[in-house]
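Secondary and tertiary structure notes
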Number of protein chains: 2
Amino acid sequence: MAEKRQLTRRGRQRRDKLLAYATTRFAENGYHPTSVSDIVDGVGVGKGVFYWYFDSKDQLLEEILRDALRDLRTTQAAAIADATDPLQRLEAGIRASIRWSAANTDIIRLVNFGWSEESFADVLRRGRDIVVTDTAHLIEQAVDLGQIMEGDPVMMASAIRAVIDQLGQEYALGNGDVDPEMVETAVRMCLRGLRG
Amino acid sequence: MAEKRQLTRRGRQRRDKLLAYATTRFAENGYHPTSVSDIVDGVGVGKGVFYWYFDSKDQLLEEILRDALRDLRTTQAAAIADATDPLQRLEAGIRASIRWSAANTDIIRLVNFGWSEESFADVLRRGRDIVVTDTAHLIEQAVDLGQIMEGDPVMMASAIRAVIDQLGQEYALGNGDVDPEMVETAVRMCLRGLRG
DNA sequence: GCCGTAATTGACCGGGCGGTCAAGGAATTC
DNA sequence: GAATTCCTTGACCGCCCGGTCAATTACGGC
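All values reported here derive from a predicted model rather than from experimental measurement. Sequence positions are assigned chain by chain, starting from 1 and proceeding in written order. Following the order in which they are written, the chains are lettered starting with A and the ligands numbered starting with 1. Local features in this predicted model are restricted to residues whose pLDDT is 70 or higher, and side-chain atom pairs enter the listing and the counts only when it is 80 or higher, whereas totals over whole chains, interfaces and linings include all residues. The side-chain quantities take in all heavy atoms of the structure and omit both hydrogens and water.

Moving on, we come to the state of the cysteines. Cysteine sulfur atoms are paired as a disulfide whenever they fall within 2.5 Å. Inspection of the entire model under this criterion finds zero disulfides over all chains. Residue Cys190 of chain A stays outside any disulfide, its sulfur separated by 15 Å from that of Cys190 of chain B, the closest cysteine. Cys190 of chain A gets classed as buried once you look at its relative accessible area, which sits at 4%. In this scheme, a residue with accessible area under 20% of its type's maximum is buried, one over 50% is exposed, and one in between is partly exposed, where area comes from a 1.4 Å probe on protein chains only.

Between the two copies of this chain, the relationship is a rotation about some axis together with a displacement along it. Turning chain B through 180 degrees and shifting it by 0.0 Å along the axis lays it on chain A, with an RMSD of 0.0 Å. A rotation of that kind, with that shift, is consistent with a two-fold axis. For this analysis, residues touch if any pair of their heavy atoms sits within 4.5 Å. Most of the interface of chain B is mirrored in chain A, where 100% of its interface residues are also at the interface. For the least-squares superposition of copies, only C-alpha atoms count, and only for residues with pLDDT at least 70 in both.

On to the pattern of salt bridges, then. Here, a salt bridge means any Lys or Arg side-chain nitrogen found within 4 Å of an Asp or Glu carboxyl oxygen. Scanning the model with the defined rule gives 26 salt bridges over all chains in all. With its nearest N and O atoms 3.9 Å apart, the salt bridge here joins Arg128 of chain A to Asp129 of chain A. Across the pair Glu184 of chain B and Arg95 of chain B runs a salt bridge whose closest N-O atoms are separated by 3.1 Å. In this pair, Glu184 of chain B sits in helix α9 (residues 180-195) while Arg95 of chain B sits in helix α5 (residues 86-103), placing the two residues 89 residues apart along the sequence. Relative accessible area serves as the criterion here: at 32%, Glu184 of chain B is assigned to the partly exposed category. Under the relative-accessibility criterion, Arg95 of chain B is labelled partly exposed at 26%. Several salt bridges converge on common partners, so that one network encompasses Arg109 of chain A together with Glu118, Asp122 and Arg125 of chain B. Helix and strand assignments follow DSSP, with helices taken as H or I runs no shorter than four residues and strands as E runs no shorter than two, numbered in order from the N terminus.

Moving on: the protein's contact with DNA strand D. Only heavy atoms are used to decide nearness, and a residue is near a molecule or strand if one of them lies within 4 Å of it. Around DNA strand D, the structure places 22 residues, and the nearest of them are Thr8, Arg14 and Gly46 of chain A together with Lys47 and Lys57 of chain B. Here, DNA strand D places atoms within 4 Å of the protein, and 63% of those atoms are sugar or phosphate. Distance and chemistry together define a polar contact, namely a pair of N or O atoms within 3.5 Å, with one atom able to donate a hydrogen and the other to accept it when in protein, and with adjacent residues in sequence counting only for side-chain atoms on both sides. Within the side chain of Arg14 of chain A, a nitrogen or oxygen atom sits 2.7 Å from a phosphate oxygen of DNA strand D. Residue Lys47 of chain A places a main-chain N or O atom 3.4 Å away from a base nitrogen belonging to DNA strand D. Mapped onto the surface near DNA strand D, the elements with two or more residues apiece are α1 (9-29) and α3 (47-53) of chain A together with α3 (47-53) of chain B. The element contributing the most residues to the surface near DNA strand D is α3 of chain A, with five residues. In the surface near DNA strand D, the residues fall into seven nonpolar, nine polar and six charged. Charged residues are taken to be Asp, Glu, Lys and Arg, nonpolar residues to be Ala, Val, Leu, Ile, Met, Phe, Trp, Tyr, Cys and Pro, and polar residues to be all remaining types, Gly included.

Once that is clear, we can look at the interface of chain B and chain A. The figure often quoted for interface size is the accessible area lost as the parts come together. Across the boundary between the two partners, chain B contributes 25 residues, which contact 25 residues of chain A. Throughout, the accessible surface (probe 1.4 Å) given up by two parts as they are put together, summed over both, is called the buried area. In total, about 2,100 Å² of surface goes out of reach between chain B and chain A, with carbon and sulfur atoms giving 49% of it. Our count for the contact surface shared by chain B and chain A stands at two salt bridges. Across the salt bridge formed by Glu118 of chain B and Arg109 of chain A, the nearest N and O atoms sit 3.6 Å from each other. Counting the contacts that link chain B with chain A gives two residue pairs in polar contact (both at pLDDT 80 or more). Broken down by secondary-structure element, the contributors of at least two residues to the side of chain B that touches chain A are α6 (105-114), α7 (118-144), α8 (153-173) and α9 of chain B. Considering each element in turn, the side of chain B that touches chain A owes the most residues, six residues, to α8 of chain B. Of the residues assigned to the side of chain B that touches chain A, the class counts are eight nonpolar, eight polar and nine charged.

A few words now on the packing of α7 of chain B against α8 of chain B. All names here are of chain B. Every angle, taken between N-to-C directions, lies between 0 and 180 degrees, and every axis is a line fitted to C-alpha atoms, over only the stretch in contact when it is a helix. One way to put it is that α7 packs onto α8 with a least axis distance of 8 Å and a crossing angle of 120 degrees. Between α7 and α8 lies a crossing of right-handed hand. Across the interface between the two elements, Arg128, Val132, Thr135, Ala136, Ile139 and Glu140 of α7 pack against Pro153, Val154, Met156, Ala157, Ser158, Ile160 and Arg161 of α8. In terms of residue class, the contact of α7 with α8 is made up of eight nonpolar, two polar and three charged. Here a crossing is taken to be left-handed if its near helix is turned anticlockwise relative to the far helix by less than a right angle, and right-handed if that turn runs clockwise.

Surrounding DNA strand C, one finds 21 residues, the nearest of these being Lys47 and Lys57 of chain A together with Thr8, Arg14 and Gly46 of chain B. The share of sugar and phosphate among atoms of DNA strand C within 4 Å of the protein is 66%. The separation between a sugar or linking oxygen of DNA strand C and a polar side-chain atom of Arg10 of chain B is 3.3 Å. Gly11 of chain B is positioned with one of its backbone polar atoms (N or O) 3.3 Å from a phosphate oxygen of DNA strand C. Elements with a contribution of two residues or more to the surface near DNA strand C: α3 of chain A together with α1 (9-29) and α3 of chain B. Ranked by residue count, the leading element in the surface near DNA strand C is α3 of chain B, at five residues.

Now for the packing of aromatic side chains. Two aromatic rings, drawn from Phe, Tyr or Trp (for Trp, its six-membered ring), form a pair once their centres lie within 6.5 Å of each other, and the interplanar angle then sorts them: stacked below 30 degrees, edge-to-face above 60, tilted otherwise. In this structure the tally under the stated criterion is 13 aromatic pairs over all chains. Relative to Tyr51 of chain A, the ring of Phe50 of chain A has its centre 5.0 Å away and its plane inclined at 65 degrees; by these criteria the two rings are edge-to-face. When its relative accessible area of 0% is taken as the criterion, Phe50 of chain A is described as buried. Joined through ring pairs, the aromatic side chains of Phe26, Tyr31, Phe113 and Phe120 of chain A together with Phe26, Tyr31, Phe113 and Phe120 of chain B make up one cluster. Two limits define a charge over a ring: the Lys NZ or Arg CZ must be within 6 Å of the ring centre, and within 35 degrees of the ring normal. Sitting above the plane of the Tyr31 of chain A ring, Lys57 of chain A keeps its charged end 4.4 Å from the centroid.

If you want it as structure tokens, here you go:
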């Protein structure tokens, strides 16, 4: 198993390079149409290298998805750290998520694909629930302070996720670029939706 | 080429059966993991039958997607035929689209997959633009009557599409079933968004 | 009942896929 | 400089996939 390998710095770099290249290829070309040979050729290494770092092609995609979740949550955490007021933290988190989506359209396309096969969909369901729970906790704090109306925090968080998701689709699948005004509209929709 | 074939009634039934079975299999199991052999075995016919009715596996999926668009538009057209008031027609169309989404979660999953490969994404982009244009025309009529605020009709139509799409995702990808109240919220969001 | 065409069969094919592995080269450690 | 561990190579494997086709059968019109 490639899991418990003790990697050197050089090893970690190779691994990251494979991860990064695979992400863009999968996003541009599709997961199945992109072969493991395509990936190792693109990075300029032998095929064995791939299986030194990863157990299988499937495991690679699962790892890409899990890494992306970690990256998103890290970004969110950093963005809300400055503020102390729950409502401000909520807005900062929303804006950070939108920025992250704009910068990671590759991932968004991979996520869309992932929902089409059960093994990946499992990973995505879990990830989605985690992100929603994060948001729901912020909402609860705001409710405790009377800043927003009472209601199911998970449902509210789901709605916020839906708005951000749709903006992400616009970034990833839209024809041209996205009107910045749209971001403001989305943020407003999220925050207004919480008040009533 | 299977395109110009003169089909008997029996032929059309077979074709429809293949189309229907492939749709559910693709949705459940994924497009690539489902082989042509899986499909013909499932329907209980020889492999040659498949290539009598379709040029290729890819063409089959493209046809499924195009048929789905046609079906959606037919449903919408039927739903708005009753009303004459543009705003009422708009609402009827939205509700019909939502109902259609709830009844066609298989298609929604296939659409998600389709965006991940360029050849299918082309078909989807075109379909999306058509649906948005349909809606934009309705909006224009409502604007002319002063029923809703001025603004880019295409942008407004895109927003409506986004709301409906997100509800569709909920139907197709959600864990449990969808709170009917969510439908009302979605409809309200669409119509309110048009007023200001 | 005959004939033309629609429909069906399933063995077969070439190729590309994910994945393996024996062998060998680089670092690192002592 | 020997030993150990990390890393790399690329030919190779078996499988199964999408797609073909010559032969055969069912159907409809007359």
